[in-house]
Amino acid sequence: MNEILHVGLDVGSTTVKIIVMDRNKNTIYKNYQRHFSDTKNTVCKVLEELLLKYPSNKFTLALTGSGAMSAAKFLGVDFIQEVVSCKRAVEKYIPKTDVVIELGGEDAKIIYFTGGLEERMNGVCAGGTGSFIDQMAALLQTDAEGLNREAQNYNMIYPIAARCGVFAKTDIQPLINEGATKADLAASIFQAVVNQTISGLACGKPIRGCVAFLGGPLHFLPELKKAFIRTLKLTPDKIVDPEQSHLFAA
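Residues numbered from 1 in each chain as written. Predicted model: local features only at pLDDT ≥ 70, side-chain atom pairs only at ≥ 80, totals over all residues. Heavy atoms only, no water.

J.: Describe in detail the overall build of the protein, supporting the description with residues and values.
T.: For the protein, the helix and strand inventory stands at nine helices and 10 strands. Over its C-alpha atoms the protein spans a radius of gyration of 19 Å, differing by no more than 12% from the 18 Å that the globule rule assigns to 250 residues. With respect to the three principal axes, the spread of C-alpha positions in the protein is 65 × 40 × 30 Å. Burial statistics for the protein: of 250 residues in total, 48% are counted as buried. Taking all contacts inside the protein whose residues are at least 6 apart in sequence as the whole, residues at least 24 apart take part in 62%. (Helix = DSSP H or I, 4+ residues; strand = E, 2+ residues; numbered from the N terminus. Rg over C-alpha atoms; globule rule 2.2 N^0.38 Å. Buried < 20%, exposed > 50% of the residue type's maximum accessible area, 1.4 Å probe, protein only. Contact = heavy atoms within 4.5 Å.)

J.: Lay out the pairing of strand 7 (residues 108-112) with the relevant residues and their values.
T.: Of all five residues that make up strand 7, five are buried, and the element is covered over most of its length. Burial of strand 7 is two-sided: the residues Ala-108, Ile-110 and Tyr-112 facing one way and the residues Lys-109 and Ile-111 facing the other way are all buried. Two strands pair when backbone bridges link them, and strand 6 (residues 99-103) and strand 7 are joined in this way by five bridges, in the antiparallel orientation. Looking at strand 7, one finds that Val-100 is bridged to Ile-111. A loop of four residues connects strand 6 with strand 7, the two strands running antiparallel in sequence. In this sheet, strand 8 (residues 118-121) lies alongside strand 7 in antiparallel orientation, the contact comprising four bridges. (Pairing = 2+ DSSP bridges.)

J.: Requested: an account of the packing of helix 7 (residues 182-202) against helix 9 (residues 222-232), with residues and values cited.
T.: At their nearest, the axes of helix 7 and helix 9 sit 9 Å apart, and the two run at 55° to each other. It follows that helix 7 is oblique to helix 9 by the angle criterion. Crossing geometry of helix 7 relative to helix 9 is assigned as right-handed. In this structure, helix 7 uses Phe-190, Gln-191, Val-193, Val-194, Thr-197 and Ile-198 to contact helix 9, whose residues at the interface are Glu-223, Leu-224, Ala-227, Phe-228, Arg-230, Thr-231 and Leu-232. Looking at the contact of helix 7 with helix 9 residue by residue, the classes come out as eight nonpolar, three polar and two charged. (Axes fitted to C-alpha atoms, helices over the stretch in contact; angles between N-to-C directions. Parallel < 35°, antiparallel > 145°, perpendicular 65-115°, else oblique. Left-handed = near helix turned anticlockwise from the far one by under 90°. Nonpolar A, V, L, I, M, F, W, Y, C, P; charged D, E, K, R; others polar.)

J.: Outline the packing of aromatic side chains, listing residues and values.
T.: Under the counting rule described, the total for this entry stands at four aromatic pairs. Ring geometry for Tyr-93 against Phe-248: centres 6.5 Å apart, planes inclined by 75°, an arrangement best described as edge-to-face. Taken together, the residues Tyr-93 in helix 3 (residues 82-93) and Phe-248 in the segment after strand 10 (239-240) connect sequence positions 155 residues apart. Ring geometry for Phe-213 and Phe-228: centres 6.0 Å apart, planes at 55°, overall tilted. Note that Phe-213 is positioned in strand 9 (residues 211-214) and Phe-228 in helix 9, a separation of 15 residues in sequence. For the pair formed by Phe-213 and Phe-228, the shared burial category is buried. Just above the ring of Tyr-112 sits the side chain of Lys-205; from NZ or CZ to the centre is 4.3 Å. (Phe/Tyr/Trp six-rings, centres within 6.5 Å; stacked < 30°, edge-to-face > 60°. Lys NZ or Arg CZ within 6 Å of the ring centre and 35° of its normal.)

J.: Help me get a handle on unusual backbone geometry, residues and values and all.
T.: In this structure, Phe-36 is a non-glycine residue whose phi angle is positive, near 45°. Although it is not a glycine, Lys-233 adopts a positive phi angle of roughly 55°. For Lys-233, the location among the structural elements is in the loop between helix 9 and strand 10.

J.: I'd like a description of the nonpolar core, backed by residues and values.
T.: Note that soluble globular proteins tend to have their nonpolar side chains buried in a common cluster. Counting residues in hydrophobic clusters, the biggest one holds 41 residues, and the most contacted among them are Ile-101, Ile-207 and Leu-224. Among the secondary structure elements, those contributing two or more residues to this core are strand 6, strand 7, helix 4 (130-139), helix 5 (144-151), helix 6 (165-177), helix 7, strand 9 and helix 9. Considering every element that reaches this core, the biggest residue donor is helix 7, with 10 residues. Leave out the neighbours within four places in its chain, and Leu-224 touches Leu-103, Ile-133, Asn-148, Phe-190, Val-193, Val-194, Pro-217 and Leu-218. Listed in part, the 17 residues of the second largest apolar core include Val-7, Leu-47, Leu-50 and Ala-71. (Core = buried A, V, L, I, M, F, W, Y, C linked by side-chain atoms within 4.5 Å.)

J.: Any chance you could break down the pattern of salt bridges for me, citing the residues and the numbers?
T.: Counted according to the given criterion, the structure contains 11 salt bridges. Here Lys-45 ties to Glu-49 by a salt bridge, and the two come within 3.4 Å at their closest N and O atoms. On the criterion of helical spacing, the pair formed by Lys-45 and Glu-49 is a turn pair, its members being four residues apart in helix 1 (residues 39-53). Note on Lys-45: relative accessible area 40%, which makes it partly exposed. With a relative accessible area of 26%, Glu-49 lands in the partly exposed category. Each of Glu-82, Glu-102, Asp-107 and Lys-109 takes part in salt bridges that share partners, so that together they form one network. (Salt bridge = Lys/Arg side-chain N within 4 Å of Asp/Glu carboxyl O.)

Such coordinate-based values are descriptive only and should not be taken to indicate function.
Below, the structure written as structure tokens:
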């Protein structure tokens, strides 16, 4: 009889992530793709690809993420709240973690594990998240990866508001007009995301101990992660950087 495989599907605000594990909880397949607001068809496509890859297996399946509740209902499978799934994954795979900083397409979270579980999440605004970074990159006529490349060569950080894309634009446009380099602007945008996350979510509560960086923006944009590490003054032994940090909730 073919092995039963375990599937976690994370339907986020901008991406769909899937992880497939064998009976020993080893990851044997993963997929990460943008859904461009067409969540139902993207979920169906991801599951069809899964069936083509493993045509004779049976699966357990659970869904998580901000866009997963209706998909779970539609498929008739379990829905697990994303903070719960993230908490379980952190406790199992990176148990030394004291604090998690997780950035998504349209949300940002800080989860404190030490001294009692406490979760902070941004409210209705996507300021300081993946979509904010995309918006700022477009303003500099590049993409998020282009911002990351530019930020490697910065010399100076300018103050930019990340609370809102509109405010950030009014800060960036004069700097562009004055001839600020793309590298300095890119690094300043990343620093604005860091400032927004720490001031808006931590609200003065210290981020101490071992800090894990999760979510797509922090996985794919190492210069953004470096900006957090610089600001929090983390030594290498306090940085938790799991290989599959963008897939943790799944």
